[in-house]
Structure formats: structure tokens, C-alpha cells
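The chain contents come next:
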Amino acid sequence: MQIGSEVGLRAELEAVLAAQRLAQAGAGAPGREARRADLLKLKQAIRAHRHNLVHAAAADFGARPADETLILDVGPVVQGINHLRRHLGRWMRPERRSVPITLWPGRARIIREPLGVVGIMAPWNYPFGLSLMPLATALAAGNRVMLKPSELAPESSRAIAALLREVFDPAQVAVVEGGVETGAAFAGLPFDHLFFTGSTEVGRKVMRAAADNLVPVTLELGGKSPVILSRDADFEKAARDIAFGKIANAGQTCIAPDYVLIHDEDAAGFAERLAAAMKRARAVAARREGPCGIISDRHSQRLLSLMDEARDLGATVIGAGPEGASSTFPAIVLDAPPDSRLMREEIFGPILPVVTYNLIDEAIAHVTSAPKPLALYIYSGSGAERDRILRETQSGNVTTNGMMTHYAVDDLPFGGVGHSGIGAYHGRAGFDAMSHAKGVFEEPRRSLIPLGRPGGRFAKLFARYMMR
Ligand code: NAD
């Protein structure tokens, strides 16, 4: 669905929502087999359209290797759908709950039912994964969906709309294309749940708009995700992993390593290893229709201005691209002042500041004094230091001795904490987030419950028992 003019924008969106609600009221909650069939249809359509998706993303980014799109963007959705289909039956089953003795022999259970219509707002950086995985999750939970992809990846948005139009009736899944204006109108709709992935700044606005209708939200936001390197870390592996994190999708990944914390004496040697690893990763990407481009000139300009400001404030910038020191991207930045924009804002691009510490306590304090990040990476040979960092820091998720892999574990909740997000999805966590857990208590025909009510024959006894 393409919204052409501002006039009647809200009315048009409301009409789509009303049609979905009407269809929901008529059809009721879909059963397990219907949900599994929807997921299968979605998976088959994604597989059938995969070449279109690869081309659309390459057009939006200027360049993006096909395997980056398939392994990092589209593949996780197919894997996620397989996981949802495999476990759906068990998650949907009513769950028995324990009952206090005063209510015996009553029976309690939880029934998980669809919320209704879920609104999904997606960013541009992984245009397929971050729209289709929330969609699959919402369908698994039996909901209908209005999906708004990002206007900054227009070819990908069109490809998503075409794919979904082919398999779903708009009364079940509708795609709404459009920019900020459309996004603002979309966020103001009285959905049963609003699932937003994007920046913390826009997330705040979306939550405010949702609050007017008391719409519950899941906010998958961003932040500065640190990498802490212990002195006994495997530096070679860490350098390779971090280079991958900054080159894949040109570092435009919500859980990309934002900056590195490393011991003062290890920093110079590590920066050299990292520069070499980045050059190698760039060269490999260049052989595969890459490297991935920065999404727009405005975003490139922003990244350059972050580096320029840091340089003006005394930082050293090391180009780590094919032309060596004179390369613009990727770049490693040493001694960036804490008050530079580079160290305050989420970078979201192929620039890596290296920050030094003398004691691991300083590294931990650096993380805990900043807003809670979406991801944290710990490279440590010793379990004791790793466990201490895990215990003393908070972040949405953690991968140890590796890079971004927690995202691919469908059985782990994926989400942020504090400023990096509210709520989580993937697997069971997503199913629960998009279902209503309805508690049902079946009072038996014969029981002591009425006698224990205020004024009842056993009221005093009940009161004494309850207050023990
Ligand atoms: P964004 O917040 O600019 O846009 C996200 C969506 O919101 C888009 O669909 C956009 O059209 C819409 N939008 C923009 N302005 C709006 C407004 N004023 N009102 C209503 N809707 C509006 O984010 P982005 O630039 O597309 O993505 C980058 C950000 O997303 C980064 O901060 C990144 O960390 C974060 N992100 C988080 C995750 C995660 O899973 N936690 C994943 C990817 C990206």
C-alpha cells in the first residue's frame, strides 16, 4: 500500500486497521495448523524471492554482497521461522499453574491468545530481517499485521511489499510504505501492540504516540555496544571478529561493536592487528560485489563529521582501508576525547574508537557509567574475569569470545535494556511478547471458597490462615 498524499493519511491507515479488526472478529484466533501454514507460506515466498531481495538491498546500499544479504539479513528469518514452526505447538498449549490451598480443588491455567493487530515499524539497515522476523513472530502468535518498512531502503521496501502481497490478504498482512509523516501517523494508530525497531530518538517519539492510545510497545533500539578485551584475550581472533563486525553491512548493524576497551599496553599492537584485519576483510568483500555501502550521502557525511570532530579534539585517525593510512573507511580512532560526538553517539558505521584502561575496573566503570548498551562483547581467556564483567555490567545481550552471534540463537531473547530497548523477541520471547497470557481459574462446583469469603462461616479461619 502506497500512501500518496498527506490528506487522509490517517483515515487510510485507520481503514486498513478496521478491515483487519473486522476480519479478526469474523475468523477468531487461528489454530496451530493455520499458523504453521502461514509461516510456511512466508518462508516459501522468502525463498522464492531471494534473488529479488539480494538485488533490492544492493540497489539501496549502492553495493552489498549477496552473501551478506543472505546470511545476515534473510537467512536468520528463515531459521527463525523454522524455529517458530517447530515449537509453536508446545508454546500454544494451555499451561497448568499451581493453586493456593485456600482455593482447592480449583484449577488454574494460562491460555495464550493473539493480541489482535500488531503494528511493526522497521529500520533500513537490515530491511528484511528486521521487518520479516517480527512479522513471522506476530503471525506465530496468531495476530494480523500492519508493517511499515523504512523509506531509506525504498527498493527493499518495495520488494517486501511485493512478496507479502503475493501470499497474504491485506486483511491479514498489510504493508504501508512511506516516510516520517507516514511513520508518525502509523505510530498513532490504536494497535493492540506496536513493535518498533530503530533509533532511541525516534523510539521515544513512537512510545509517546503509542501512550496516547495505551498501546503496549516493544522497542528494539540502538546504543554504543562495547567490546572489552582482557589482557589474556586471543587478540588475533578478536581483531578478525571486530573487523568483520565493522565491515559487514559497513558497520551499520545495531549490535556492531561500537568501540573497544583494551589495556593501555596492548592498545598500539592491537590497533595494528585490527588495521590489517580490516584491510583483509575489505579486500575479501571487494571480491564479492562489495564492500557494502553507506546507506546515503547524509549518513556518510555524518560519519565523516564524527571523525573530523574527534581529530580536531586531538584524536589520531588511522585509515584501515585499501589505500592504507589515507583511506577514509574503515578507520580506527585512538584517544578520542570522551566528550566527542564519536564517543557519545552510536557510530553505526565503519569507524572503531579504541579506548584504553589500566585496571579492568576502569573498563567496567566505563560501561556502567554510560546508557545500557544493546550488546556487550567480552574477549577473555580467563573465566573469572569474563564472569566478573558479566556480573557487573548490564546490556541487552552478550557474546563472549565472538561477534554478534547471540543474534542467531533463536532460543535466546533478543532485545535491549534501558535506553537500548524495552522487551525482546526471537523464539519463545517473541511469541510471549505478542500473545496475551490469559489466566483462567476454574472454581469447582463444591469447595470451601464461598465459606471463606468475608462474612462467610469460615471467614475468621481463612483470615487467620491467610495472615499467618
Ligand atoms: P529510525 O529510528 O530513523 O527509523 C525507524 C523507523 O521509524 C523507520 O520506519 C522510519 O520511517 C520511522 N520513523 C522515522 N522518524 C519517525 C518519526 N518521527 N515518527 C515515526 N516514525 C519515524 O532508525 P533507522 O535509522 O532506520 O535505523 C537505525 C537505528 O536503529 C540505529 O539506532 C540502530 O541501532 C537501531 N536498530 C536497532 C535494532 C535492534 O534490533 N535493536 C536493529 C536495527 C537497528
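Every value quoted in this text rests on a predicted model; they were computed, and no experiment measured them.

**Q** Quick one: what's the story with the overall build of the protein chain, residue by residue and with numbers?
**A** A tally of helices and strands in the protein chain yields 16 helices and 16 strands. Taken over C-alpha atoms, the radius of gyration comes to 25 Å for the protein chain, in line with the 23 Å a tight globule of 468 residues would show. Dimensions along the principal axes, computed over C-alpha positions, put the protein chain at roughly 85 × 60 × 40 Å. Counting over 468 residues, the protein chain shows a buried share of 52%. Put simply, of all contacts in the protein chain between residues at least 6 apart along the chain, 73% involve residues at least 24 apart. Accessible surface, the protein chain as shown: approximately 20900 Å² in total, 55% of it carbon and sulfur. Charge separation in the protein chain, taken as the distance between the mean sites of 55 positive and 50 negative side-chain charges, equals 12 Å.

**Q** Mind laying out the pairing of strand β4 (residues 144–148), listing which residues take part and the relevant values?
**A** Counted residue by residue, β4 has five buried out of five residues, so it is predominantly covered. Burial along β4 is two-sided: the face carrying R144, M146 and K148 and the face carrying V145 and L147 are both buried. Strand direction decides the pairing type here: strand β3 (residues 117–121) and β4, joined by five bridges, are parallel. Its bridge partner being in β4, V117 is matched across the sheet by R144. In this region the chain leaves β3, passes through helix α5 (residues 129–140) and returns to the parallel neighbour β4; the handedness of that crossover is right-handed. Looking at chain direction, β4 and strand β5 (residues 173–175) are connected through three bridges and run parallel. By the bridge assignment, M146 is partnered in β5 with A174.

**Q** Can you explain the nonpolar core? Please cite residues and give values.
**A** Core analysis: the biggest nonpolar cluster contains 73 residues, and L42, I46, L164, L229 and F270 have the highest contact counts within it. If we ignore the near neighbours within four places in the chain, the residues touching F270 are L229, F235, A238, A239, I242, V260 and I262. Ranked by size, the runner-up nonpolar core spans 33 residues in total, among them A310, M343, I364 and V367.

**Q** If you had to explain the environment of G75 to someone new, which residues and values would you point to?
**A** Following the sequence through the fold, G75 ends up in helix α4 (residues 66–92). Taking the relative accessible area as the measure of exposure, G75 reaches 22% and is therefore partly exposed. For G75 and E14, which are 61 residues apart along the polypeptide, the C-alpha to C-alpha distance reads 33 Å.

**Q** Lay out the environment of T253 in plain terms, naming residues and giving numbers.
**A** Following the sequence through the fold, T253 ends up in the loop between α9 (235–247) and β9 (259–263). Linking T253 and M404, residues 151 residues apart in sequence, is a C-alpha distance of 9.5 Å. Each residue touching T253, except ones within four places of it in the same chain, is listed here: N125, Y126, A248, F348 and M404.

The rules behind the values
Residues numbered from 1 in each chain as written. Predicted model: local features only at pLDDT ≥ 70, side-chain atom pairs only at ≥ 80, totals over all residues. Heavy atoms only, no water. Helix = DSSP H or I, 4+ residues; strand = E, 2+ residues; numbered from the N terminus. Rg over C-alpha atoms; globule rule 2.2 N^0.38 Å. Buried < 20%, exposed > 50% of the residue type's maximum accessible area, 1.4 Å probe, protein only. Contact = heavy atoms within 4.5 Å. Areas by Shrake-Rupley, 256 points an atom, 1.4 Å probe, with all protein chains shown as cover. Lys, Arg positive; Asp, Glu negative; His and termini not counted. Charge placed at Lys NZ, Arg CZ, Asp CG, Glu CD. Pairing = 2+ DSSP bridges. Right-handed = clockwise from strand over helix to strand, strands pointing away. Core = buried A, V, L, I, M, F, W, Y, C linked by side-chain atoms within 4.5 Å.

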